[in-house]
Amino acid sequence: MRPDRLRTARRFGTRTATALVTTALAVAAPFPATAAERPPERPSALVDPLIGSANGGNTFPGATLPYGMIAWSPTSTTGDQTSTGAANGYQYDTTRIRGLSLTHVNGAGCNPGAAGDVPIMPFVGDVTSSPSADTKDAVYAADFSHADEKAVPGRYTLGLKSGATADLAVSRRAGVADFTFPSDRAANLLFRVSNSLNGSENAHVDIDAAHRKVTGWVHTGAFCGRRANGGVNNRKSYYKLYFSASFDRAFSSVGTWKDSTLSPGSTTASGGEGYATGADRAGRGSGGWVGFDTSSDNDVRMRLGISYVSLDGAEANLREEIEPDASVTDVAAAGARAWDRELSAVRVQGGSPARRQTFYTALYHSLMQPNLISDVDGRYWGMDQAVHRLARGQRAQYSNFSGWDQYRAQIQLLALLKPTVAGDFAQSLYNFAQQNGGVWDRWVHISGATHVMTGDPSAATLATFYAMGVRNFDYEGAFDSLVRQATVPHPDGLSDAGCPGQCVGQRPNLAQYLSSHYAAQDVCHCWGGAAETLEDAVADSALAKWAKLLGRETEAKVFAERATYWRNVFNPEATPGAGYIQARRLDGSWVTPFTPAGDLGFAQGTSATYTWMVPQDVAGLAEAMGGRDVAAARLDGFFHKADGSWSVRGGDPLRYDPTNEPGIHAPWLYNALGQPWKTQATVRQILDTVYGTGPAGLPGNDDLGTMSAWYVFSALGLYPQTPGSASLLLGAPVFPGAVVDRPGSRDITISAPDADDTHVFVDAVRLNGRTYQKSWTDAGLTRSGGTLAFRLAEQPNTRWATDPAGLPK
């Protein structure tokens, strides 16, 4: 730090005795005007893909690129071929694998998750029995040590205790692998085509020894199909993954298998596993293997492309993206450059190495999705199970939309940093809806409507995109379609198929909702009536804001009124001491027995958590509770135990749960309650104790980058105010400086020269050089960029941003 910077930081780090002096300093003292510089490290070098691979984070460490189609990563096993060590195929404490699979989803919560298609296993030894008959993964799997594992963005290397190693690197739709084997033992690669994480309806493999190729496909789907709460409804197929693999050397042996039958010398096989688990599926499936003579050369190179459209598409993707003579190192270097470009969207200055690693890994996980499903020629497999081409002006068709999770933070970060990707994603979701009879599914996996979770997150998502300036999608058509879904009852809304966790109705029992102004627990055909009401109120608030921006005043008025329906499930007499969100029956009576720690009427959360899920009307919620001071005191009890100690790690049904989405905005509610210093203290406590480095560095399921996006925003001292809005709430940055790149607009520059482990409170703020007395910014900063300068302090300034007239609207 330069001497003049040091003097400024020291002066601004001292708290003043009176509000008058504080105000004078805030007006008169200059903040540093220099922008944060690019960190000396390449951003990709700061990423640890293993963060979140333990503690239920459900991330995967394998090779993938931003928004990539291919994600090449291990499928682990704990002794059951029909399951894995954790959701999405990998858990840090499970150190035995049965293959390296081509597709994965980041942080989804259903075990075994989704995808994990076509595990390819380097096997040392002779293939003498069917791998599908190895139901306990006792033979055709291998142990490994983390000392022999290395994961960096775009590349993954693993040494197995069998003596085989795999070195993988990828482009967006293709990859290159180097496999090495002991020179004195049989060397084989197993293509377990049917063994996707959830199983498969059918699968096929062809071996072309003359051309040194292995090709095939798997027909699968069934995301969350094993869940007890409605999963059986989702045991269905909705995509095929095609692959084409070519080798740099001839095969010394070939063979295939189906179920328990091994066929040495055979070059084709077919057969799926079904979608059951355990004994109901064990022993089923198909695949093939190719062997190599490694006595004089123990290295095998494989080039591979994938497609959701066709085998020709897989081969075209490979030809287009990876040169014929490219090595793993070449492809990995290109992948690192791709990640550097994406991660440089936010350039932070200062902070400890651990803080920077946590931050850039969170940014990495945030930008792993959405995921490409369109080929290089623009074709993709649609939700109507037919081939389509990109819409006019669309650059890519994306999928993997964990809507209930993502609309709260990840969507906003995508719109802020990558608006063009966000627009293509919005168009992708609209395309799917058009192919799905006008229905916008709340959890889209590849080309499947899975119906997972509750609410109407598509409305909140696209309204947010538009509010934040995203325009490269058919926003008029998408708005009309979402309004239709929110106003015209659909037959699926009266079905209990998939309920409670995967109800097919996307606006369940809409006619009753529009009549009663709440989702009645006894007839809602939903996961929980109270949760559904809150979710729909948030979605309707977002639609109202979108309608206003479009000049659609009639719709804006209608949906603004519907945004207040949350009040109809707030029972002011739920307990003797306080009101809570509570489920109601169709006759208007409250569902009993009731306890704030209970989850009856809710989805993956308790009333104590959901009571705060009114981000669109915090003032109204506070009024219902008895006023801002009462609400703030109740919020204090949400984050602290009775003795005043922090309770932010989860596990207490009455208090904050950082592992799931319904309450993740709650630390920021103090801003609207006129006590922003408590937001600053609470957010910093969570950043410092719940997130971190190492495999357990995420608090729970990353949920397609949602929990990671929460960290990115919070570390910058920003957070989205409410879905459908471009306003940002202000907290205390953890880095002395940061630059947020805004494509096509001025950057957002953040300076906080005193930022460190002890300066956790905001003492003063300047926005674009002027003293700023609000704890939020409107759409101007988000859309047009600007500068935020923070003066931080070790003690709270209980006067800054507390004027009732200036609280977040």
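Each remark here, short or long, concerns the structure printed above.
Residues numbered from 1 in each chain as written. Predicted model: local features only at pLDDT ≥ 70, side-chain atom pairs only at ≥ 80, totals over all residues. Heavy atoms only, no water.

(A) Focus on the overall build of the protein. On a plain count of helices and strands, the protein comes out with 19 helices and 35 strands. Compactness check: the protein gives a C-alpha radius of gyration of 27 Å against a globular reference of 28 Å for 809 residues, within 12% of the reference. In terms of its C-alpha atoms, the protein occupies a principal-axis envelope of roughly 85 × 70 × 55 Å. The 809 residues of the protein split such that 65% are buried. Considering only residue pairs separated by 6 or more positions, the protein has 72% of its internal contacts joining residues 24 or more positions apart. Accessible area of the protein: about 26300 Å², with a carbon and sulfur share of 50%. Looking at charge distribution, the protein has the averaged site of its 71 positive side-chain charges lying 6 Å from that of its 78 negative ones. (Helix = DSSP H or I, 4+ residues; strand = E, 2+ residues; numbered from the N terminus. Rg over C-alpha atoms; globule rule 2.2 N^0.38 Å. Buried < 20%, exposed > 50% of the residue type's maximum accessible area, 1.4 Å probe, protein only. Contact = heavy atoms within 4.5 Å. Areas by Shrake-Rupley, 256 points an atom, 1.4 Å probe, with all protein chains shown as cover. Lys, Arg positive; Asp, Glu negative; His and termini not counted. Charge placed at Lys NZ, Arg CZ, Asp CG, Glu CD.)

(B) Looking closely at the environment of His219. If you trace the backbone, His219 turns up in strand E11 (residues 213-221). Between the C-alpha atom of His219 and that of Gln721, which follows or precedes it by 502 residues, the distance is 41 Å. Here His219 is in contact with Ser200, Glu201, Asn202, Ser237, Tyr239, Lys240 and Tyr275, once residues within four sequence places are set aside.

(C) Region of interest: the nonpolar core. Counting residues in hydrophobic clusters, the biggest one holds 218 residues, and the most contacted among them are Phe191, Phe247 and Trp546. A per-element tally of this core places helix H12 (residues 529-550) first, with 12 residues. Discounting residues that sit within four places of it in the chain, Phe191 has contacts with Pro119, Ile120, Val214, Phe243, Ala245, Phe247, Trp257, Ser286, Gly287, Gly288, Val290 and Met302. Among the nonpolar cores identified, the runner-up in size contains nine residues, and Val176, Ala326, Val328 and Ala332 belong to it. (Core = buried A, V, L, I, M, F, W, Y, C linked by side-chain atoms within 4.5 Å.)

(D) Representation of the pattern of salt bridges. In this structure the tally under the stated criterion is 29 salt bridges. For Arg552, the salt bridge goes to Glu476, with nearest N and O atoms at 3.2 Å. Of this pair, Arg552 sits in the loop between H12 and helix H13 (553-562) while Glu476 is found in helix H10 (residues 475-487), placing the two residues 76 residues apart along the sequence. Taking the relative accessible area as the measure of exposure, Arg552 reaches 22% and is therefore partly exposed. Here Arg567 ties to Asp617 by a salt bridge, and the two come within 3.6 Å at their closest N and O atoms. Here Arg567, found in the loop between H13 and strand E26 (570-571), pairs with Asp617, found in the loop between helix H14 (607-610) and helix H15 (618-625); they are 50 residues apart in sequence, far enough to count as distant. Taking relative accessible area as the criterion, Asp617 reaches 18% and is therefore assigned buried. Overlapping salt bridges bring together Asp456, Arg507, Asp536, Asp540 and Arg562 as one network. (Salt bridge = Lys/Arg side-chain N within 4 Å of Asp/Glu carboxyl O.)

(E) Region of the structure containing the packing of H10 against H12. Running from N to C, H10 and H12 cross one another at 140°; their axes reach a closest spacing of 11 Å. As the angle between them shows, H10 and H12 are arranged oblique. The element H10 and its partner H12 pack so that their crossing is left-handed. When H10 is examined against H12, the residues Tyr475, Glu476, Ala478, Phe479, Leu482 and Ala486 are found in contact with a partner set consisting of Asp540, Leu543, Trp546, Ala547 and Leu550. Here the residues of the contact of H10 with H12 sort into nine nonpolar, no polar and two charged. (Axes fitted to C-alpha atoms, helices over the stretch in contact; angles between N-to-C directions. Parallel < 35°, antiparallel > 145°, perpendicular 65-115°, else oblique. Left-handed = near helix turned anticlockwise from the far one by under 90°. Nonpolar A, V, L, I, M, F, W, Y, C, P; charged D, E, K, R; others polar.)

(F) Structural view of the environment of Leu586. Relative to the helices and strands, Leu586 is located in the loop between strand E27 (580-581) and H14. Taking the C-alpha atoms as reference points, Leu586 and Cys524, separated by 62 residues in sequence, lie 8.8 Å from one another. Residue contacts for Leu586: discarding those within four places in its chain leaves Gln512, Ser516, Tyr518, Ala520, Asp522 and Val523.

(G) Expanded view of unusual backbone geometry. Residue Pro500 is reached from Cys499 by a cis peptide bond, and omega for that bond is 5°. Turning to its location among the elements, Pro500 is positioned in the loop between H10 and helix H11 (510-516). Cis geometry marks the peptide bond from Thr592 to Pro593; its omega dihedral reads 0°. In this fold, Pro593 is placed in the loop between E27 and H14. Of note, the phi angle at Ala222 is positive, near 65°, even though the residue is not glycine. Mapped onto the elements, Ala222 comes out in the loop between E11 and strand E12 (237-247). Assessed through its relative accessible area of 1%, Ala222 is described here as buried. At Asp259, a residue that is not glycine, the phi angle is positive and equals roughly 50°. You can see Asp259 is positioned in the loop between strand E13 (253-258) and strand E14 (261-264). Residue Asp259 is classed as partly exposed on the basis of its relative accessible area of 28%.

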